[in-house]
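Chains, contacts and geometry: an overview
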Amino acid sequence: MWKLLKYMKAYRKESFCAPLFKLLEASFELLVPLVMARIIDVGIKNQDTAYILRMCLLMVALGVIGLVCAVTAQYFSAKAAVGFSAKLREVLFAHVQSLSFTEQDDIGTSTLITRMTSDINQVQSGVNLFLRLFLRSPFIVFGAMAMAFTIDVKAAFVFVVVIPILCVIVFGIMLISIPMYRRVQERLDAVVRLTRENLLGVRVIRAFCREPEEVRDFEGKNELLVKAQLLSGRISAMMNPMTYVVINMGLVVLLYVGASRVDSGLITQGSVVALVNYMSQILVELVKLANLIITVTKAIACGNRIQSVLEVPAGMETPEQDAASKSETQTGAGRLSQKGFADFPDKSDEDRENAVVAFDHVNFSYRSAGADALSDLTFAAHRGETIGIIGGTGSGKTSLVSLIPRFYDVRSGSVKVDGRDVREYPLEELRRKVGIVMQKPVLFKGTIRSNLLWGNEDATDEDLIEAVRAAQAEDVVLSKGLEEVAHSKGQDDTALLRGLDAAVEQEGRNFSGGQKQRLTIARALVRHPEILILDDSASALDFATDARLRGAIRRLNEKGDLTVFIVSQRTSSIAHADKIIVLEDGHVAGIGTHKELLASCEVYQETHYSQFPKTETADKGVLA
């Protein structure tokens, strides 16, 4: 938690002024019992009305000045707390963006959401209350005790006994509460995770009539959260009654001692009233201090959770992050293979030099997995080539293409782009070379235009329309245009431009699966990438649309400067590829053209003939 305080540097003035004005308020408050004692001992005793009025005016002035100081302190503390939490939220979000897919998978989305929202809100409340009370309450407590000594030493010893007992109670409960609040937040993570899963998968839940089971599951998680909250709440709730008991017992003793001292003529009645007022002030401040301790305890527990995320190192070092390790990266055993393109004997020396993507004895595994997702994978893709990737579920197709833009790092071997290991690239430079369409199409709230511009912020309307048509998404955009615009040939561009400004709802829920796939393909094409990766991105398209899409991409690649990777379960989608990689359990089962694999690769034959039985003579045009 304390490491997070470096983000308070921009609010040093506010962090200094807030407690300062609270101390000023407390100083004036400590003077009030003395004024009250003077009213009793002088004004009332001598029946001096003018003196009483003057003292009352003085008390009013002290109250007004204290109010002004309190409001000022509240302004500065709120400004510091809100600014600190805003900065912390920005830093946490930026750090999450820097984490690799591996770290994000390990932490979990629901946990990150909780820490970005609930935890930071708790920290903000803790900082706000801390700045206002961390000096004021102790100052009032010990100041009241000091003022009591100026009135009567013997009576003041009651304060000396009471205050340490109260401190033991407050800090003891705090030490017990901290781990409990941490447990509460962990169980809140579980509730958020379950809620998120249910909201995202609500259609599946209803399709399988799983509502009662999910409700029971949620009730179970929620009950665990409630139990943790109740337990921590009961412990925290003990603070107020225990402090009240001690304070009231102290008041009883103080009144007894004070009365005996008055009877002896050692102190006045006004002094006893002042002592009681000081004890009451201590009671009020300790109640505030108890609330402060509870809030700060929660804030510390939540701050530690936030800090634990910030301490997760970005799993991928870049040249900017670790220039000193660059030479080690280039020479280290098990990191970058020095075999280079000489391991690809199927190409001439001249062709090898033109390789855009090269996998050199790549082994890759996910952090929590027991076995490799890819084993000893070696191949080269050259400029202008189309590479098809096919295999069964879990064979490693998505893992393979995820290594090209460096979503993950290889365990051993190397992945090279333009002859340079991907670990030597700044991530932004590497990923600007790549246009990728994920398995699950993702659209963001906004418009079709704003989503397409993710691919290239500087794209013109002509670029957007060209990408839309190439992705076979023209009818999607036209259908979102204004109805009064005719879809005649001469007005298509006008309708398309109007359709580009159509709204996209959160997660693109106002589009079908096939429409979202085509729009995400258009977004990737707008980038004009050197490497285009289509990760099973045509699964929701019919065969005719899929064929038109492949034809459009081939036309875009007439100059031969685009290297295309197509991951698919359909052999028809990759039959035209210059090279097809067949994967089985992370191993290469075969590499070659469609005809070569049909003749030599048993795994490919099994996949192809399961889709196109031999009796249908599938090669007759289906795969043209």
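Everything here concerns the structure above.
I will try to describe carefully the structure that is included in this document.

Definitions and cut-offs
- Residues numbered from 1 in each chain as written.
- Predicted model: local features only at pLDDT ≥ 70, side-chain atom pairs only at ≥ 80, totals over all residues.
- Heavy atoms only, no water.
- Pairing = 2+ DSSP bridges.
- Helix = DSSP H or I, 4+ residues; strand = E, 2+ residues; numbered from the N terminus.
- Axes fitted to C-alpha atoms, helices over the stretch in contact; angles between N-to-C directions.
- Contact = heavy atoms within 4.5 Å.
- Parallel < 35°, antiparallel > 145°, perpendicular 65-115°, else oblique.
- Left-handed = near helix turned anticlockwise from the far one by under 90°.
- Buried < 20%, exposed > 50% of the residue type's maximum accessible area, 1.4 Å probe, protein only.
- Expected span 1.5 Å × (residues − 1).

**A word on the sheet that holds strand β12 (residues 587-592)**
Strand order in the open sheet formed by six strands is β6-β9-β10-β3-β11-β12, and the pairing between neighbours is mixed. Of all the strands in the sheet, the pair left with one neighbour each is β6 (434-437) and β12. Averaged over all pairs of adjacent strands, the angle between strand axes in this sheet comes to 15°, irrespective of strand direction. For strand β3 (residues 386-391) and strand β11 (residues 579-584), the ladder comprises five bridges, and the chain directions are parallel. Its bridge partner lying in β11, glycine 388 is registered against isoleucine 580. Sitting on the sheet, helix α19 (residues 513-526) is in contact with β6 and β9 (531-535), with an inclination near 180° to β6. Each of β3, β11 and β12 touches helix α23 (residues 602-611); the most contacted strand, β11, lies at about 95° to it.

**Quick look at the packing of helix α1 (residues 12-46) against helix α10 (residues 269-310)**
Between α1 and α10, whose axes approach to 8 Å, the crossing angle comes to 155°. In terms of orientation, α1 and α10 fall into the roughly antiparallel class. Crossing handedness for the pair α1 and α10: right-handed. Facing α1, whose interface residues are Glu29, Leu30, Pro33, Leu34, Met36, Ala37, Ile40 and Asp41, α10 presents Gln269, Gly270, Ser271, Val273, Ala274, Asn277, Tyr278, Gln281 and Glu285.

**Structural notes on the pairing of β11**
Most of β11 is tucked away: five of the six residues are buried. Counted between consecutive antiparallel strands, the loop separating β11 from β12 contains two residues, among which aspartate 585 sits at a positive phi close to 55°.

**Some thoughts on α10**
Within an α-helix, residues lying three or four positions from one another point in the same direction, as the helix has 3.6 residues per turn. Here α10 is 42 residues long and its end C-alpha atoms lie 59 Å apart, about the 62 Å a rise of 1.5 Å per residue gives. Judged by how many residues are buried, α10 sits mostly within the fold: 31 of 42 residues are covered.

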